[in-house]
Amino acid sequence: MSSPETTLELYDDGAESPSELMSGEMTVTSAPRNTTDPSSPDFNTLDEPIRDTIMRDVKAVGVKFYHVLIPREKNTLLRDWDLWGPLVLCTFMATILHGSSDEMHDGGPEFAQVFVIVWIGAMIVTLNSKLLGGKISFFQSICVLGYCLTPCALALIVCRIILFSTQTAFLFFLRFVVSSVGFGWATYASIIFLGDSQPPNRKALAMYPIFLFYFIISWLVVSHSNV
């Protein structure tokens, strides 16, 4: 008994061969990529020199320092946050504050103390802000608090220069005034950047730790008396 022959037709008559079906062109349209504006969605750094990338980051850090010194634009530090500026300021202040003319002390605790106050203090202030319902991310808050150390760092430089002279009551008063200006400037700038992120009825509770944070750092600046 013979059964009808069964065939499997993969292609219809007149259809293209497998090689013809699989042939074709694969083209990708390449539009020019933006390498100057990081906020652009097509921003790309893979095809730019390393020098351009570094200079752009340095410029971005410089712009944030400028906005701290002249706190008018509120969104720069919050939109493009980074921790390079706070790290540079913290290291710079710790390096100056660690100097000691006493040979029995190498200045290590002072260096570590600045790092603890800046980073742990900023984390505590940020945690307090988040618990109060602040609408800001953790690293955005630390970025703002770190960059707002700029007036305190400038005050430290001025006080360091004053210390090269023979100290008198007037020079101590001058150092106190300079440190107070840096403290007020830092506190004002941080409130400008962080004030709107807090609920209106809890702003005072959120601002008090910031006030205390910069007060302690300014006290380290004015109490530093070793050249």
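Quick notes on the rules
- Residues numbered from 1 in each chain as written.
- Predicted model: local features only at pLDDT ≥ 70, side-chain atom pairs only at ≥ 80, totals over all residues.
- Heavy atoms only, no water.
- Helix = DSSP H or I, 4+ residues; strand = E, 2+ residues; numbered from the N terminus.
- Buried < 20%, exposed > 50% of the residue type's maximum accessible area, 1.4 Å probe, protein only.
- Contact = heavy atoms within 4.5 Å.
- pLDDT = per-residue confidence, 0-100.
- Axes fitted to C-alpha atoms, helices over the stretch in contact; angles between N-to-C directions.
- Parallel < 35°, antiparallel > 145°, perpendicular 65-115°, else oblique.
- Left-handed = near helix turned anticlockwise from the far one by under 90°.
- Nonpolar A, V, L, I, M, F, W, Y, C, P; charged D, E, K, R; others polar.
- UniProt positions renumbered as here; feature names shortened; annotations may be inferred.

Per an unreviewed UniProt entry, the chain goes by the name Protein YIPF and belongs to Anopheles quadriannulatus.

Caption draft 1: Layout of the side chain of Ser218. If you trace the backbone, Ser218 turns up in helix 9 (residues 203-223). Looking at Ser218, the relative accessible area reads 7%, which means it is buried. When neighbours within four sequence positions are excluded, Ser218 is seen to be in contact with Cys152, Ser179 and Phe183.

Caption draft 2: Here's a closer look at the confidence of the model for the chain. Residues with a pLDDT of 70 or more make up 71% of the chain, whose mean pLDDT is 78. No element of the chain has a lower mean pLDDT than helix 1 (residues 18-22), which averages 50, and none a higher one than helix 7 (residues 150-162), which averages 93. Low confidence marks residues 26-31, where pLDDT is under 50. Its contacts with residues over four positions away, or in another chain, come to 0 contacts.

Caption draft 3: Geometry of the packing of helix 4 (residues 84-97) against helix 7. Packing of helix 4 against helix 7 brings their axes to within 10 Å, and their N-to-C directions diverge by 25°. When the axis of helix 4 is compared with that of helix 7, the two are roughly parallel. Once helix 4 is placed against helix 7, the crossing between them reads as left-handed. Facing helix 4, whose interface residues are Leu89, Phe92, Met93, Ile96 and Leu97, helix 7 presents Thr150, Cys152, Ala153, Leu156, Ile157 and Arg160. Among the residues forming the contact of helix 4 with helix 7, the class breakdown is 9 nonpolar, 1 polar and 1 charged.

Caption draft 4: The arrangement of the UniProt feature "transmembrane region" (unreviewed entry) in the chain in detail. The UniProt entry lists residues 144-163, 169-193 and 205-222 under the feature "transmembrane region" (unreviewed entry), expressed in the numbering used here. When the span residues 169-193 is considered, its composition is 100% helix and 0% strand, and the gap between its end C-alpha atoms is 36 Å. Segment residues 205-222 splits into 100% helix and 0% strand. End C-alpha atoms: 27 Å apart.

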